[in-house]
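The residues making up each chain are set out below.
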Amino acid sequence: MKIRCIVDNRAGLKSNLYAEHGFSLLVEGNDQNFMVDTGQTPLVLEHNLDSMGITAVDGVLMSHGHNDHTGGIFAIKDTMGINGVKTKFYMHPGVLGQKFALLDGKQRYIGFPTSIDVETLNLEWISENTRISDDMWIFNQVEDHSGFEPIPEYLKVMENGKCSPDKFKDELNLVIKTEKGLVVISGCAHKGIVNILNSVSEYFQDDIYGVIGGSHLMDAPRERIQKTVESFKKLNPEIIALGHCTGFDALCLFKKEFGEKFIPLESGAELSI
Ligand SMILES: [Fe+2]
Ligand SMILES: [Fe+2]
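Keep in mind that what you see is a predicted model, and the values were worked out from it rather than measured.

Engineer: Before we move on, could you go through the overall build of the protein and cite the residues and values that matter?
Structural biologist: Helix and strand counts for the protein stand at five helices and 18 strands. Its C-alpha atoms give the protein a radius of gyration of 17 Å, within 12% of the compact-globule value 19 Å for 273 residues. Oriented by its inertia axes, the alpha-carbon framework of the protein measures out at about 45 × 45 × 40 Å. Expressed as a percentage of the 273 residues in the protein, the buried residues total 46%.

This is the structure:
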């Protein structure tokens, strides 16, 4: 199985790939191309898919509604299916919630593209842990195990006409069962990457072999980043590949602590599992 990062906040120095504040990743295996998230803009997703020679996508998991994960959907919704079968999308109904960032008194829309009519998609709604193939699961039943991963207050969702703190009920993660253990792919990990990993390990009663994706440590206090590192040491995954919203401080600390085990994600990064 090969995992390729299509869109990240950084791009490989020697590549001609684009970077943006966004995330998209491709899992290639069992003759299937399965994508997690679509980056923020169709321009970047289309360019990077072309440059990487990716012409077909069987399925797409939307990790949550934020536009840095869903905005690139226009690049694939009508064109990337295989043998006349439209690309299948998996998302939680909460993806369509009106999401905002409220900073310095200013409200900015950061939700799912409003011009997409989801009725036109080949779509399966996911609202609980769901097996989607022999070895792949979509996972969302995340408990607050860690106690140190609060969701930032500035992230809001419109509910009953009121802007409320977003609890990310729409957040979905991909879990791949391998002979070596569980591989967990997160989008932004708004519910906390340690909470997600512990919940996955407990649910499947197996060890975490790989952690790949965003960890939303970019605006976290140093103490939380250090506690996250300590939790990773206990979980002891063999592969740690973080990027997107992980942030510079956390990337540096993970690299320092985990050395070769740690792979900072960037557009074009590849991992074999
Ligand atoms: Fe997000
Ligand atoms: Fe994000």
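On we go from here.
Engineer: If you had to explain the environment of D50 to someone new, which residues and values would you point to?
Structural biologist: Structurally, D50 is set in helix α1 (residues 42-51). By C-beta crowding, D50 is classed as exposed, having 12 other C-beta atoms within 10 Å. Sequence separation between D50 and Y203 is 153 residues; the distance between their C-alpha atoms is 38 Å.

Engineer: Give a detailed account of the sheet that holds strand β14 (residues 181-186), specifying residues and quantitative values.
Structural biologist: Paired through backbone hydrogen bonds, the strands of a sheet run either parallel or antiparallel to each other. The strand order across the open sheet formed by seven strands is β9-β10-β13-β14-β15-β16-β17, and the pairing between neighbours is mixed. If you trace the sheet from one side to the other, it starts and ends with β9 (130-131) and β17 (262-264), each paired once. Two strands pair when backbone bridges link them, and strand β13 (residues 173-178) and β14 are joined in this way by five bridges, in the antiparallel orientation. What sits directly across from I176, in β14, is V183. Helix-sheet contacts for helix α5 (residues 248-258) involve β16 (239-243) and β17, and the interaxial angle to β17 is about 155 degrees.

Engineer: Which residues make up the sheet that holds strand β5 (residues 88-91), and what values go with them?
Structural biologist: Here we have seven strands laid out as an open sheet, ordered β8-β5-β4-β3-β2-β1-β18, and mixed in their pairing. Edge positions in the sheet fall to β8 (122-125) and β18 (270-272), since each has one partner strand and no second. The average angle at which neighbouring strand axes cross in this sheet is 20 degrees, direction not considered. In the sheet, strand β1 (residues 2-7) pairs with β18 via three bridges, with the strands oriented antiparallel. The residue of β18 that forms the bridge with I3 is L271. Strand contacts of α1: β1 and β2 (24-29), with the helix running at about 140 degrees to β1, the strand carrying the most contacts.

Engineer: Could you give an account of helix α3 (residues 193-204), with specific residues and numbers?
Structural biologist: Residues lying three or four places apart along an α-helix face the same way, a consequence of the helix completing one turn every 3.6 residues. Over its 12 residues, α3 extends 17 Å from the first C-alpha to the last, a length consistent with the 16 Å expected when each residue adds 1.5 Å. Among all positions of α3, only I193, V194, N195, I196, L197, N198, S199 and V200 are buried. Contacts from the buried residues of α3 go to β10 (136-139), β13, β14, β15 (208-214) and α4 (222-235). Where α3 ends, the next residue or the one after it, Q205, has phi of about 50 degrees, a positive value.

Engineer: Describe the environment of D249, naming the residues involved and giving the relevant values.
Structural biologist: Position of D249 relative to the elements: it lies in helix α5. The class for D249 is partly exposed, based on 15 C-beta atoms found within 10 Å. Measuring from C-alpha to C-alpha, the distance between D249 and G268 comes to 22 Å, with 19 residues separating the pair along the chain.

Rules used throughout
- Note that residues are indexed from 1 along each chain, following the sequence as it is written.
- Chains carry letters and ligands carry numbers; both start at the beginning, A for chains and 1 for ligands, and go up in the order they are written.
- Side-chain atom pairs in this predicted model are given and counted only at pLDDT of 80 or more, local residue features only at pLDDT of at least 70, and totals for whole chains, interfaces and linings cover all residues.
- In this text, helices come from DSSP runs of H or I with a minimum length of four residues, and strands from runs of E with a minimum of two, each type numbered from the N-terminal end.
- This radius of gyration counts C-alpha atoms alone. The globule rule is 2.2 Å times how many residues there are, raised to the power 0.38.
- Whether a residue is buried, exposed or partly exposed follows from its count of other C-beta atoms within 10 Å of its own C-beta, namely 20 or more, 12 or fewer, or something in between, respectively; the C-beta atoms are built from the backbone.
- Whether two strands pair depends on DSSP finding at least two bridges between them.
- The contact criterion used is a C-beta to C-beta distance within 7 Å, with each C-beta placed from the backbone.
- Lines fitted to C-alpha atoms define the axes here, with helix axes fitted over just the stretch in contact, and angles between the N-to-C directions of these axes take values from 0 to 180 degrees.
- Expected helix span is computed as 1.5 Å times (number of residues minus one).

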